[in-house]
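Chain by chain, the residues run as shown.
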Amino acid sequence: MSRFARVHGVKRATGAYKVLNRQVGKAQEAYSMIQEGDRVAVGISGGKDSFTLMWILRERLSRIPVKYHLEGIHIDPGFDDSSADEIAQYCESMNYRLRVEKTDFGIRAHSDENRENPCFLCSRLRRQRLFELAQEMGCTKIALGHHKDDLIETLFMNMCYTGEIATMKPYQEFFGGEITVIRPLAYTDEKNIAYFARAMNMPEIENACPTSGASKREEIKQLLEGLYKQNPKIRGNLFRSMSRVKTDYLLK
Ligand SMILES: Nc1ncnc2c1ncn2[C@@H]1O[C@H](COP(=O)(O)OP(=O)(O)OP(=O)(O)O)[C@@H](O)[C@H]1O
């Protein structure tokens, strides 16, 4: 355990820390996500996933031989002023570097001029800005806090709403490899992250988005939760199925 972990009182979360560390290590190994000298922009939303992501990337840095640089970026969707301030305060207290970018993406996505689903437009604008800022800051990798449950939900979202079989990749290159999105929590269950974040007293900063909690993704989440209650093996099987695709048994 690193000095960073001890200083931040990881003892209370030892079990969850061990699982988190093992699964992040496994993802890193499977995809060689971060290499020596990388400048990594970490997308910080104010929720448990991205705070846990920043924490574990920072903690590993003080323990593993590979050296890299972390830059937090928060894209403020413009609903209120207080959440960005709270995120900045927490990051400062943890000594994380953070850039806050004020935008009106959330407001625009919910205005009458937008004919799309607000979540689609908001996340597209946020992603574009995140890419631009990362490049401006000299980062070639962008780390996002998506976890195992997000990947399974995305598979279902794509099947149900776009008629495609696809998910988010743990390691995904863009613009011919100029920038790479990495998802170091891809092998980690949301439950473990939630337990870890609570035990570590990480703040969960209120999301002022009016669509939050009422999205299509939330419906899929509920559906999956129902399946997992019937048989807990289903989560693992669904996750594994994404890397065991029998294309010969699909339609043309
Ligand atoms: N406003 C934002 N600014 C920067 N990065 C963001 C922002 N919103 C989301 N992200 C990044 O995208 C990831 C997935 O976003 P999503 O909205 O699905 O969050 P989530 O599953 O609720 O996670 P979290 O607990 O981090 O909020 C986040 O973990 C974070 O890395």
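Residues numbered from 1 in each chain as written. Predicted model: local features only at pLDDT ≥ 70, side-chain atom pairs only at ≥ 80, totals over all residues. Heavy atoms only, no water.

With seven of its eight residues buried, strand 2 (residues 69-76) lies for the most part within the structure. Inspection of the sheet shows strand 1 (residues 39-43) paired to strand 2 by five bridges, in the parallel sense. Across the sheet, the residue bridging to alanine 41 is glutamate 71, located in strand 2. For the crossover that starts at strand 1, traverses helix 3 (residues 48-61) and ends in the parallel strand 2, the hand is right-handed. Where strand 2 meets strand 3 (residues 98-102), five bridges bridge the pair, whose relative direction is parallel. Bridging across to strand 3, histidine 74 finds its partner in valine 100. Following the chain from strand 2 across helix 4 (residues 82-93) to the adjacent parallel strand 3, one finds a crossover that is right-handed. (Buried < 20%, exposed > 50% of the residue type's maximum accessible area, 1.4 Å probe, protein only. Helix = DSSP H or I, 4+ residues; strand = E, 2+ residues; numbered from the N terminus. Pairing = 2+ DSSP bridges. Right-handed = clockwise from strand over helix to strand, strands pointing away.)

As a further point, take empty space enclosed by the protein. The method is simple in principle: a probe with the dimensions of a water molecule rolls over the atoms, and the space it marks as empty is what remains. For the structure on display, the rule yields one cavity of 30 Å³ or more. Estimated volume of the largest cavity: approximately 80 Å³. Residue lining of the largest cavity: Val24, Gln28, Met33, Ile34, Leu57, Arg60, Ile64, Val66, Tyr68, Ile182 and Pro184, and that is the complete set. If you list the elements that add at least two residues to the lining of the largest cavity, you get helix 2 (14-31) and helix 3. Across the lining of the largest cavity, the residue classes tally to nine nonpolar, one polar and one charged. (1 Å grid on protein atoms, 1.4 Å probe; cavity = no way out; pocket = protein on both sides within 12 Å on 5 of 7 lines; lining within 4 Å. Points joined across faces, edges and corners; volume = space filled by probe spheres on them. Nonpolar A, V, L, I, M, F, W, Y, C, P; charged D, E, K, R; others polar.)

Close contacts around the ligand come from 15 residues, with Gly43, Ser45, Asp49, Ser50 and Ile75 the closest. Contact between the ligand and isoleucine 44: a nitrogen atom at 3.3 Å from a main-chain N or O atom of the residue. One of the side-chain N or O atoms of arginine 126 is found 3.5 Å from a nitrogen atom in the ligand. Coverage of the ligand by the protein amounts to 79% of the 580 Å² it exposes when considered alone. Where the shell around the ligand is concerned, the elements lending two or more residues are helix 3 and strand 2. Grouping the constituent residues of the shell around the ligand by class yields four nonpolar, seven polar and four charged. (Near = heavy atom within 4 Å. Polar contact = N/O pair within 3.5 Å; in protein donor to acceptor, adjacent residues only side chain to side chain. Areas by Shrake-Rupley, 256 points an atom, 1.4 Å probe, with all protein chains shown as cover.)

Interpretation note: all reported values are geometric properties and have no functional meaning in isolation.
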